[in-house]
Amino acid sequence: MANNYIQAKDFFLSLKPDDRVFWLIRHGTRRHITEGDADKGAHVGLTDEGRAEAFALGKLFPKSGDAVYFSSPVGRCIETAEQIAAGRETAGGPSASKVNVMDSLGHYFVRDYDEYLKQLNSHFYQNICNWMYGKDHPAFFPIGPKAEELVQMMFEKGTARFNIFSTHDAWVVPCLGYFCNFEFSPSHWMNYLTGMAIVVSSSGEKRIIPVTGLSTGNLDF
């Protein structure tokens, strides 16, 4: 199963000065979520390594061009966006802007929240795969229409050259599957700081590129 991601450094070098970027990205490396967690891991933040990795990713961004940052309300996603912004500012980019928290990035594909909590409680990765490769699922909306809607929302919200949307693997994985034909399984997943970038040229041409901010975009269990 080969899901091929481009390294963030190479991705940024490939951009033209007038390209705009809309990047749906998984948060950085988090602390462990224990089974039976009362809030299903909502309180779990980044590790020290996760913060450092997100900061290092921010330093790779081109220095020219403004940026806006959007995030799920969950703390580790906000931390990720903040550290990316701080890294870019430290490297000489524009001053970090405030992170815009969006409730939808926390539960974008969820159709029935009670059913979704059941998925969180047991065999989460397998349940996500069942949804991705099945015809219907009580917890989630069908992927296609919602994935298209998500991308449209990113275009509407993103007003800068670089538009970062920090969210969860549960919402990035189905987009990579739908738009890039990537395949996932409970033992072959997507790494932290990895996601789907949409590059829009000055003429309006769009390219979808899987990008990772780490050494690999794949996470095998």
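Structure report, in brief. Just so it is clear, the structure is predicted and the values come from calculations on it, not from any experiment.

1. Focus: the overall build of the protein
- The helix and strand tally for the protein stands at seven helices and nine strands.
- For 221 residues, the compact-globule estimate of 2.2 N^0.38 gives 17 Å, and the C-alpha radius of gyration of the protein, at 16 Å, lies within 12% of that figure.
- Its C-alpha atoms give the protein principal-axis dimensions of roughly 45 × 35 × 30 Å.
- Across the 221 residues of the protein, 53% fall into the buried class.
- In the protein, the share of contacts with a sequence separation of at least 24, taken over all contacts with a separation of at least 6, comes to 76%.
- When the accessible surface of the protein is totalled, it reaches about 10,100 Å², and 50% of it is carbon and sulfur.
- Charge centroids of the protein, computed over 21 positive and 25 negative side chains, lie 4 Å from each other.

2. With respect to the pattern of salt bridges
- A complete count under the given rule lists seven salt bridges for this structure.
- Here R51 ties to D48 by a salt bridge, and the two come within 2.3 Å at their closest N and O atoms. Placement of both R51 and D48 in helix α2 (residues 48–60) is noted, with a separation of three residues, approximately one turn of the helix.
- Overall, the relative accessible area of 26% leaves R51 in the partly exposed class.
- Of the charged contacts in the structure, one is a salt bridge between K146 and E149, with a shortest N-O distance of 3.0 Å. With K146 and E149 both in helix α6 (residues 143–157), this residue pair falls three residues apart, about one helical turn.
- Here E149 falls in the partly exposed class, since its relative accessible area comes to 42%.

Quick notes on the rules
Numbering of residues begins from 1 in every chain and follows the order in which that chain's sequence is written. Only residues with pLDDT of at least 70 are given local features in this predicted model, and only at 80 or more are side-chain atom pairs given and counted; all residues enter the totals for whole chains, interfaces and linings. Only hydrogens and water are set aside when side-chain values are computed; all heavy atoms of the structure are taken into account. Only runs of H or I of at least four residues qualify as helices and only runs of E of at least two qualify as strands under DSSP, and these elements are numbered from the N terminus. Atoms counted for the radius of gyration: C-alpha only. Globule rule: 2.2 Å times the number of residues to the power 0.38. In this scheme, a residue with accessible area under 20% of its type's maximum is buried, one over 50% is exposed, and one in between is partly exposed, where area comes from a 1.4 Å probe on protein chains only. Two residues qualify as a contact provided that any one of their heavy atoms is within 4.5 Å of a heavy atom in the partner residue. For accessible areas, the Shrake-Rupley method is used with a probe of radius 1.4 Å. Any residue's cover is judged against the shown protein chains and nothing else. Asp and Glu count as negative and Lys and Arg as positive, but His and the ends of the chain are not part of the count. A charged residue contributes its charge at one atom only: NZ of Lys, CZ of Arg, CG of Asp or CD of Glu. Salt-bridge detection follows one rule: a side-chain nitrogen of Lys or Arg within 4 Å of a carboxyl oxygen of Asp or Glu.

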